[in-house]
Amino acid sequence: MKTIVRANEQIEHIWKKGKIKNVTYRLMHYVLSFVQEDRVYLYNVVTSQMVELSIEESSMISSLPCMYNEKIKDLIEAHFLVPEDFDEHKSVQQMRVIVDRFNRKKGFEHFKILPTTSCNARCFYCYEAGCKFETMNEEMVEKVIRFIEENRMKEKTIHLNWFGGEPLLASPIISTICTRLKEKEIPYISNMISNGYFLEKLEPHWNMREIQITLDGREKVYNEVKNYVGAKENPYQKVLNNIQACLDLNIRIAIRLNISFYNEKEITSLIHELGNRFGGQKNCSAYVAAIYGDVGFNPISHSQQDYVQLFYIRRKLEALLEEYGLHTPTNTLPGLMRGQCMADNDNAIVISPSGLLGKCEHYFEEKTVGTIEEGITDLERVKYWKETKEYPKCVTCPLYPSCVSLAHCSIPGSCEDEVVEFKKKEYVNMLVKSLNSTKNDMI
């Protein structure tokens, strides 16, 4: 057995070596295998280790399950082979708990702040449709600053994630919070989710690193979908100009392209337009996401099978984005995933304009966990946000260690067999690229 990619040191330390027993062994469920140039390779999705098998080992693998013998000793110790009665599903569940405890730190690193819930757009699919418009008052701004100072992770640069509504409608509040944190010598950087209409309001001391902006189509479609209130300029052209202005300031722009069954051709045309204008600029990227179902002023309903089809549309459009240099597929090899998002992250918190504390920005008026004055008071609700959902097929799915599905997440996903098979092929392609890269480095 020849190691191509070393195992994650922390997981290797926790799991130790597999124990040798005089029993029948099989391939662990959470192992991906592939053949390259007549050589067999195995990748352990739990430990992130990739190995090349010897001819003898390959022969033994092809005849599994088999009784223990010296030829498979290394594969057993590295957890590629396990006893037939081994419960790797339970083992991964326990591993997640242990790894989380190892990495848990006191305080918040990520603060998602809603300075206002007001918005100048009226997108038909907005999940905040019908929410009460409110903006932080001066007293609440002071409380937010105090909360950050007292509850931040002391040894870290904190991340201020500005959200809304449209956060730039409350740009003076953002400026005040950033100014006071700077005066207190609290290191911070900012990210923002914005519709992009008011980006000229950005100020240098916000330390803005990245802004996510949604585009729903080309000019006519975009302006109709956004339905801006009181717009005095062509919104589409203004937002595109603002994107370029931010790129010129070295601020990363992540363009979200919303898709449904009704706009694939429109988004395809938009990608061509964006590619010709922004393609190749290092700080500009784009990704494709399905419009949320059953929310907004004019809800769209999607079945589970609909989301499967949207998954394939998304991959097709992402391939086109890659051609323009606007989308880079992840090169990170699959590994043990500890959590899904800020909802199950102990070091992240949402702050509403009225000072409510939450774990998910989709529920800033309900399912909260505390207040800015009292801190987190509802520990049961914190646990609620960490609850996961699993399916019977998770037990043997090779991608299970790299997948966490939260039980109360409002963003739909798909775990259909065909999607899983497609993702497995994508992962194997990544492994082949990593293998070839490693070989080239050795030349």
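Computed from a predicted structure; not experimentally measured. (Residues numbered from 1 in each chain as written. Predicted model: local features only at pLDDT ≥ 70, side-chain atom pairs only at ≥ 80, totals over all residues. Heavy atoms only, no water.)

Asks: Can you help me understand the overall build of the chain in this one?
Replies: Along its length, the chain carries 12 helices and 17 strands. A compact globule built from 443 residues should have a C-alpha radius of gyration of about 22 Å, and the chain, at 24 Å, falls within 12% of that. Taking the principal axes of the C-alpha coordinates as reference, the chain spans close to 75 × 50 × 45 Å. Looking at the chain residue by residue over its 443 residues, the buried ones come to 49%. (Helix = DSSP H or I, 4+ residues; strand = E, 2+ residues; numbered from the N terminus. Rg over C-alpha atoms; globule rule 2.2 N^0.38 Å. Buried < 20%, exposed > 50% of the residue type's maximum accessible area, 1.4 Å probe, protein only.)

Asks: It is not clear to me how the state of the cysteines should be interpreted in this structure. Could you clarify?
Replies: Here a disulfide denotes a covalent bond joining the sulfur atom of one cysteine to the sulfur atom of another. All told, the structure shown has zero disulfides when counted by the stated rule. With no disulfide of its own, Cys123 has Cys126 as its nearest cysteine by sulfur position, at a separation of 6.3 Å. The class of Cys123 is buried, set by a relative accessible area of 10%. The thiol of Cys284 is unpaired, and the distance to the nearest cysteine sulfur, on Cys246, comes to 10 Å. (Disulfide = S-S within 2.5 Å.)

Asks: I keep staring at the nonpolar core and nothing clicks. Help me out?
Replies: Nonpolar side chains in soluble globular proteins tend to end up buried together. One finds Phe111, Leu160, Leu202, Ile211, Leu257 and Ile351 to be the most contacted residues of the largest nonpolar core, which totals 77 residues. Not counting residues up to four positions away in its chain, the partners in contact with Phe111 are Phe147, Ile148, Asn151, Arg152, Ile158, His159, Leu160, Asn161, Ile349 and Ile351. Core analysis: the second largest hydrophobic core is formed by 28 residues, Val31, Leu75, Ala78 and Tyr400 among them. (Core = buried A, V, L, I, M, F, W, Y, C linked by side-chain atoms within 4.5 Å. Contact = heavy atoms within 4.5 Å.)

Asks: Sorry, what's going on with the sheet that holds strand E5 (residues 49-52) here?
Replies: The strands that make up a sheet are held in pairs by hydrogen bonds between backbone atoms, and each pair lies either parallel or antiparallel. In space, the four strands of this open sheet follow the order E1-E5-E4-E3, with antiparallel pairing throughout. Edge positions in the sheet fall to strand E1 (2-5) and strand E3 (31-36), since each has one partner strand and no second. Shown here is a sheet whose adjacent strand axes are inclined to one another by a mean of 25°, direction ignored. As judged from the six bridges shared by E3 and strand E4 (residues 39-44), these two strands associate in the antiparallel manner. Considered in E4, the bridge of Val35 is made with Val40. (Pairing = 2+ DSSP bridges. Axes fitted to C-alpha atoms, helices over the stretch in contact; angles between N-to-C directions.)

Asks: How do you make sense of the sheet that holds strand E7 (residues 81-83) when you look at a structure like this?
Replies: Strand order across the open sheet formed by three strands is E6-E2-E7, with antiparallel pairing between neighbours. A single partner strand is all that each edge strand has here, and the edge strands are strand E6 (66-67) and E7.

Asks: What exactly am I supposed to notice about unusual backbone geometry here?
Replies: Residues other than glycine predominantly adopt negative phi, and peptide bonds predominantly adopt the trans conformation. Following Leu64, the chain continues to Pro65 via a peptide bond in cis, the omega torsion being -5°. With respect to the helices, strands and loops of the structure, Pro65 is situated in the loop between helix H2 (55-61) and E6. Here Asn250, not a glycine, exhibits a phi torsion of approximately 70°, which is positive. Tracing the chain through its elements places Asn250 in the loop between helix H8 (235-248) and strand E12 (252-259). Its identity as a non-glycine residue notwithstanding, Lys367 has a phi of 50°, on the positive side. Relative to the elements of secondary structure, Lys367 occurs in the loop between strand E15 (356-358) and strand E16 (370-371).

Asks: What is the right way to read the environment of Leu247 from this model?
Replies: Here Leu247 is to be found in helix H8. Taking the C-alpha atoms as reference points, Leu247 and Gln281, 34 residues apart in sequence, are found 8.0 Å from one another.

Asks: Would you mind going over the side chain of Glu318 with me for this structure?
Replies: Secondary-structure assignment places Glu318 in helix H10 (residues 304-323). When sequence neighbours within four positions are dropped, the list of residues in contact with Glu318 reads Val288 and His327.

Asks: What is the right way to read the packing of helix H7 (residues 219-226) against H8 from this model?
Replies: The relative placement of two packed helices comes down to the angle between their axes together with the axis-to-axis distance. At their nearest, the axes of H7 and H8 sit 8 Å apart, and the two run at 100° to each other. When the interaxial angle is binned, H7 and H8 end up roughly perpendicular. Here Glu219, Tyr222 and Asn223 of H7 come into contact with H8, specifically with Pro235, Tyr236, Gln237 and Val239. Residue classes in the contact of H7 with H8 are distributed as four nonpolar, two polar and one charged. (Parallel < 35°, antiparallel > 145°, perpendicular 65-115°, else oblique. Nonpolar A, V, L, I, M, F, W, Y, C, P; charged D, E, K, R; others polar.)

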